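Close look at the chain arrangement
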Amino acid sequence: MTSSLHRDIARFTWVGISCLALSAAAAGCSDDGNGGSDAGGAGGSGAGTGGASSVSSGTGNPVASSSSGGTTTTTSSSTGTPSTTSTTGTGTPTGACPATATFCADFEGDGLPEGATYRPSYQAADALNNMEIDTSIVHAGARSLHVKPGMSGYDWRMLSVPAPGPTFWVRLYVRSSVDLGQDGHNAYFQAMTGTGEPNEGDNVEVAEQYCQIVLNMRDDVVLPTGGDFRCGSGGASLPKDQWHCMEAYFDGTKGDVQIYANGTKIIDKTGWKTLDFKTFSFGYLGFHGPARSMWYDDVAVAPERIGCAAP
């Protein structure tokens, strides 16, 4: 990452996090965190990669991993052709944070970034036990955000920030200790109509299922280009232990969503449900596991495309 990125990123201060433990709020959380539930369906099985295509970036030392099953009945499919440039929205991708960015974090401070709220709130007292600022694995600079492994089943560990409006872009560098593209349903980040709390509003998840990266909204799944509702179908996945630049375009006014991985468009969904997005959340939302470590660095949210830094 260029030095200009870090000059443009806001400085962070320690965010003291305190909360009364509201354990009762944990009860009744649905499988998808927003009122839906997974039903047995036609999903395949496999070892987590399932022969799916992958888009590589960065370096790393592999570690042992395994996937966990879990399927969902689905009806939707994605449209579009893979592309290295944006066909929607405005702005020229440069990799730096634009002046209009509503959130920009390089995690170089001593604590969680200012402006971000840990969710779910009933676990806020454990926020710094569930995630930490890491100095051992970074994309750029000296620090990153490490979302620690939790349970292999339902596990919500996310930071929520306000969205700049119903239409916006995000750019983040992400890394996982297992391949991004497991058989079971889990999510990495999402655009939300609520405040970021589980079971509040509608959520468009950038998630995984059928051994590929997908969109999921209340168990309505949108596949990546070339994917099918089974492992090994060829949909995009991302290898473990490597940094990947992911971008997402959410247009709630039209129901359009675009997802890019390392500059390549992997999902292009148009005319989905129109939503008034209020919040963007990132971290880890596990439904079927496996448990994993996730890392994030250089996260930005803005009205226009931010793009990935030149290699």
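Quantities reported herein were computed from a predicted structural model and do not represent experimental measurements. (Residues numbered from 1 in each chain as written. Predicted model: local features only at pLDDT ≥ 70, side-chain atom pairs only at ≥ 80, totals over all residues. Heavy atoms only, no water.)

**Some thoughts on the state of the cysteines**
If you walk through the whole model with that rule in mind, you get three disulfides. Each sulfur of the disulfide joining Cys97 and Cys104 lies 1.5 Å from the other. Two residues, Cys211 and Cys231, share a disulfide whose sulfurs are 1.9 Å apart. On the sign convention where negative means left-handed, the S-S torsion of about 65 degrees between Cys211 and Cys231 marks this disulfide as right-handed. (Disulfide = S-S within 2.5 Å.)

**What about the nonpolar core?**
Residues Leu145, Phe189, Phe250, Phe280, Phe282 and Tyr296 are the most contacted members of the largest nonpolar core, which totals 48 residues. What Phe282 contacts, discounting residues up to four positions off in sequence, is Phe103, Phe107, Leu145, Arg157, Met158, Leu159, Leu172, Tyr188, Phe189, Tyr296 and Val299. (Core = buried A, V, L, I, M, F, W, Y, C linked by side-chain atoms within 4.5 Å. Buried < 20%, exposed > 50% of the residue type's maximum accessible area, 1.4 Å probe, protein only. Contact = heavy atoms within 4.5 Å.)

**Topic: the pattern of salt bridges**
Counted by the stated rule, this structure contains eleven salt bridges. Lys273 is the salt-bridge partner of Asp202, the closest N and O atoms lying 3.4 Å from each other. Separated by 71 residues along the polypeptide, Asp202 in the loop between strand S7 (186-192) and strand S8 (203-209) and Lys273 in the loop between strand S13 (264-269) and strand S14 (279-286) bring together distant segments of the chain. The class for Lys273 is partly exposed, based on a relative accessible area of 44%. The partner of Arg230 in a salt bridge is Asp228, with the nearest N and O atoms 3.3 Å apart. Via salt bridges that share partners, Asp202, Arg218 and Lys273 belong to a single interconnected network. (Salt bridge = Lys/Arg side-chain N within 4 Å of Asp/Glu carboxyl O. Helix = DSSP H or I, 4+ residues; strand = E, 2+ residues; numbered from the N terminus.)

**A few points about empty space enclosed by the protein**
Under the counting rule described, the total for this entry stands at one cavity of 30 Å³ or more. In this structure, the largest cavity is lined by Val204, Asp251, Gly252, Gly255, Asp256, Val257, Trp272, Lys273, Leu275 and Phe277. For the lining of the largest cavity, the per-class residue count stands at five nonpolar, two polar and three charged. (1 Å grid on protein atoms, 1.4 Å probe; cavity = no way out; pocket = protein on both sides within 12 Å on 5 of 7 lines; lining within 4 Å. Points joined across faces, edges and corners; volume = space filled by probe spheres on them. Nonpolar A, V, L, I, M, F, W, Y, C, P; charged D, E, K, R; others polar.)

**Concerning the packing of aromatic side chains**
Each aromatic ring pair is described using two quantities: the centre-to-centre distance and the angle formed by the ring planes. By the definition in use, this model includes twelve aromatic pairs. Between Phe280 and Phe282, the ring centres sit 6.1 Å apart and the planes meet at 25 degrees, which makes this aromatic pair stacked. In this pair, the class of Phe280 matches that of Phe282, namely buried. Members of the aromatic cluster, joined through ring pairs, are Phe103, Phe168, Phe189, Phe250, Phe277, Phe280, Phe282 and Tyr296. The ring of Tyr260 is capped by Arg305, whose NZ or CZ atom sits 4.5 Å from the centre of that ring. (Phe/Tyr/Trp six-rings, centres within 6.5 Å; stacked < 30°, edge-to-face > 60°. Lys NZ or Arg CZ within 6 Å of the ring centre and 35° of its normal.)

**Digging into the sheet that holds strand S9 (residues 212-217)**
An order of S2-S5-S14-S7-S8-S9-S10 is seen for the seven strands of this open sheet, with the pairing classed as antiparallel. A strand with exactly one partner marks an edge of an open sheet, and here the two such strands are strand S2 (117-119) and strand S10 (220-222). This sheet shows a mean twist of 25 degrees between the axes of neighbouring strands, independent of strand direction. Summarising the sheet, S9 and S10 pair through three bridges and their orientation is antiparallel. Bridge pairing in S10 places Asn216 opposite Val221. (Pairing = 2+ DSSP bridges. Axes fitted to C-alpha atoms, helices over the stretch in contact; angles between N-to-C directions.)

**What about the pairing of S14?**
In terms of burial, S14 is largely enclosed, as eight of its eight residues are buried. With burial as the criterion, each face of S14 is covered, one bearing Thr279, Ser281, Gly283 and Leu285 and the other bearing Phe280, Phe282, Tyr284 and Gly286. Note: strand S5 (residues 155-162) against S14, eight bridges, orientation antiparallel. The residue bridging Leu159 from the neighbouring strand is Phe282, located in S14. As judged from the six bridges shared by S7 and S14, these two strands associate in the antiparallel manner. Paired with Gln190 across the strands is Ser281, a residue of S14.

**Topic: the side chain of Asp202**
Among the residues examined, Asp202 registers a relative accessible area of 13% and is labelled buried. A distance of 2.7 Å separates a polar atom in the side chain of Asp202 from a polar atom in the side chain of Arg218. Of note is the side chain of Asp202, whose polar atom sits 3.4 Å from the side chain of Lys273. Beyond its immediate stretch of four places on either side in the chain, Asp202 contacts Ala191, Met192, Thr193, Arg218, Lys273 and Leu275. (Polar contact = N/O pair within 3.5 Å; in protein donor to acceptor, adjacent residues only side chain to side chain.)

**A look at the environment of Asp297**
Mapping Asp297 onto the fold places it in strand S15 (residues 294-302). On the accessibility criterion, Asp297 (0% relative accessible area) is buried. Along the primary structure Asp297 and Phe107 are separated by 190 residues, whereas in three dimensions their C-alpha atoms are 6.8 Å apart. Excluding residues within four positions of it along the chain, Asp297 makes contact with Ala105, Asp106, Phe107, Val138, His139, Ala140, Arg143, Ser144, Leu172, Tyr173 and Trp243. One polar contact links the side chain of Asp297 to the main-chain amide nitrogen of His139, over a distance of 3.1 Å.

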